[in-house]
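# Architecture and fold: a report
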Amino acid sequence: FCYSFFTSNPFLITYFQHIDGFPLNPILQDIVLSIHPPCLYIGYVGFSVIFSLGFILIKLNKVNFIYNIVGLYKFKIDYYYKSNLRLIYLYIQFFLSFCWSFLTFGILLGSWWSYYELGWGGWWFWDPVENASLLPWLIGLGLIHIFLLNLADVSIK
């Protein structure tokens, strides 16, 4: 405590003040770093749209199941149900490929930036931020494969 108090006193007045604030760190003044975070953000927000559409899909399945048990308006419900179900599947596939592509591009840009800017001679894969961004990417990749298998199963039948 005494060492830090006497060597760097936090109560001293600094006479040098930046009028516009501190300038940006030179390591952060890169065009790649201005593209990388918005790409990751678009990817993350896209997964929330997929979650919402999946929730709607679950609700439609429950409604159709109840109407089939009761037997009311079976033909109309099935017609509207199948068309809405196919439409929601198409929306999920579109948003899944869109947000997964942005997430892939954002992760690649971040890895490339850390490789050439830091110059440590290797990728920065020990960083928890990169590992945390990789988990939604892997889940999205698994979901893409599930949709491809479902599409192949429907086309075989």
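Criteria and cut-off values
- Residues numbered from 1 in each chain as written.
- Predicted model: local features only at pLDDT ≥ 70, side-chain atom pairs only at ≥ 80, totals over all residues.
- Heavy atoms only, no water.
- Helix = DSSP H or I, 4+ residues; strand = E, 2+ residues; numbered from the N terminus.
- Contact = heavy atoms within 4.5 Å.
- Areas by Shrake-Rupley, 256 points an atom, 1.4 Å probe, with all protein chains shown as cover.
- Buried < 20%, exposed > 50% of the residue type's maximum accessible area, 1.4 Å probe, protein only.
- 1 Å grid on protein atoms, 1.4 Å probe; cavity = no way out; pocket = protein on both sides within 12 Å on 5 of 7 lines; lining within 4 Å.
- Points joined across faces, edges and corners; volume = space filled by probe spheres on them.
- Nonpolar A, V, L, I, M, F, W, Y, C, P; charged D, E, K, R; others polar.
- Patch = residues over 30% accessible without salt bridge, like charges linked within 9 Å, V, L, I, M, F, W, Y side chains within 5 Å.
- Salt bridge = Lys/Arg side-chain N within 4 Å of Asp/Glu carboxyl O.
- Core = buried A, V, L, I, M, F, W, Y, C linked by side-chain atoms within 4.5 Å.
- Phe/Tyr/Trp six-rings, centres within 6.5 Å; stacked < 30°, edge-to-face > 60°.

Looking only at helices and strands, the chain features four helices and zero strands. Of the regular secondary structure in the chain, the N- to C-terminal order runs α-α-α-α. Of the contacts made within the chain by residues no fewer than 6 positions apart, 76% connect residues no fewer than 24 positions apart. For the chain, the exposed surface amounts to about 12,100 Å²; the carbon and sulfur share of it is 73%.

Before going further, it helps to spend a moment on the side chain of His36. The residue His36 is located in helix α2 (residues 31-70) in this model. Residue class for His36 comes out buried when judged on its relative accessible area of 16%. Non-local contacts of His36, meaning those with residues more than four positions away in its chain, are made with Gly106, Leu109 and Gly110.

On to the layout of surface pockets. The space that makes up the largest pocket amounts to roughly 210 Å³. Taken together, 14 residues make up the lining of the largest pocket; nearest its centre are His36, Gly110, Asp127, Val129 and Glu130. For the lining of the largest pocket, the secondary-structure elements that each account for two or more residues are α2, α3 (74-118) and α4 (128-156). Of the residues forming the lining of the largest pocket, the biggest block, five residues, is contributed by α3. A breakdown of the residues in the lining of the largest pocket according to their chemical character gives seven nonpolar, five polar and two charged.

With that settled, the discussion passes to a nonpolar patch on the surface. Side chains of Ile31, Ile35 and Phe105 sit close together on the surface and give an oily, nonpolar patch of about 290 Å² of accessible area. Using a relative accessible area of 37% as the deciding quantity, one classes Ile35 as partly exposed.

It is worth spelling out the nonpolar core at this point. Here is a general trend for soluble globular proteins: nonpolar side chains tend to be buried in one another's company. Judged by nonpolar contacts, the single largest core of 16 residues is most densely connected at Phe47, Ile50, Ile92, Leu96 and Leu103. Within the residue set of this core, elements represented by two or more residues are α2, α3 and α4. Top contributing element to this core by residue count: α3, with eight residues. With residues up to four places along the chain from it excluded, the contact list for Leu103 reads Cys39, Leu40, Gly43, Tyr44, Phe47, Ser133, Pro136 and Trp137.

With that out of the way, let us pick up the environment of Phe51. Among the structural elements, Phe51 can be located in helix α2. In the structure, Phe51 is positioned 41 residues away from Ile92 in sequence and 8.9 Å away in space, judged by C-alpha atoms.

Right, let's talk about the packing of aromatic side chains for a bit. Tallying each qualifying case throughout the model produces five aromatic pairs. Ring geometry for Trp100 against Trp137: centres 5.3 Å apart, planes inclined by 20 degrees, an arrangement best described as stacked. Taken together, the residues span a long stretch of sequence, with Trp100 in helix α3 and Trp137 in helix α4 at a distance of 37 residues. For Trp100, a relative accessible area of 19% gives the class buried. A relative accessible area of 19% means that Trp137 is categorised as buried. Taken together, the ring pairs connect Phe94, Phe95, Phe98 and Phe102 into an aromatic cluster.

Moving on to the environment of Leu143. Relative to the elements of secondary structure, Leu143 occurs in helix α4. Here Leu143 falls in the partly exposed class, since its relative accessible area comes to 25%. Separated by 50 residues in sequence, Leu143 and Gln93 have C-alpha atoms that sit 9.3 Å apart. Those residues within four positions of Leu143 in sequence are excluded, and the remaining contacts are Ile50 and Leu96.

Keep in mind that these numbers describe shape and distance, not what the molecule does.
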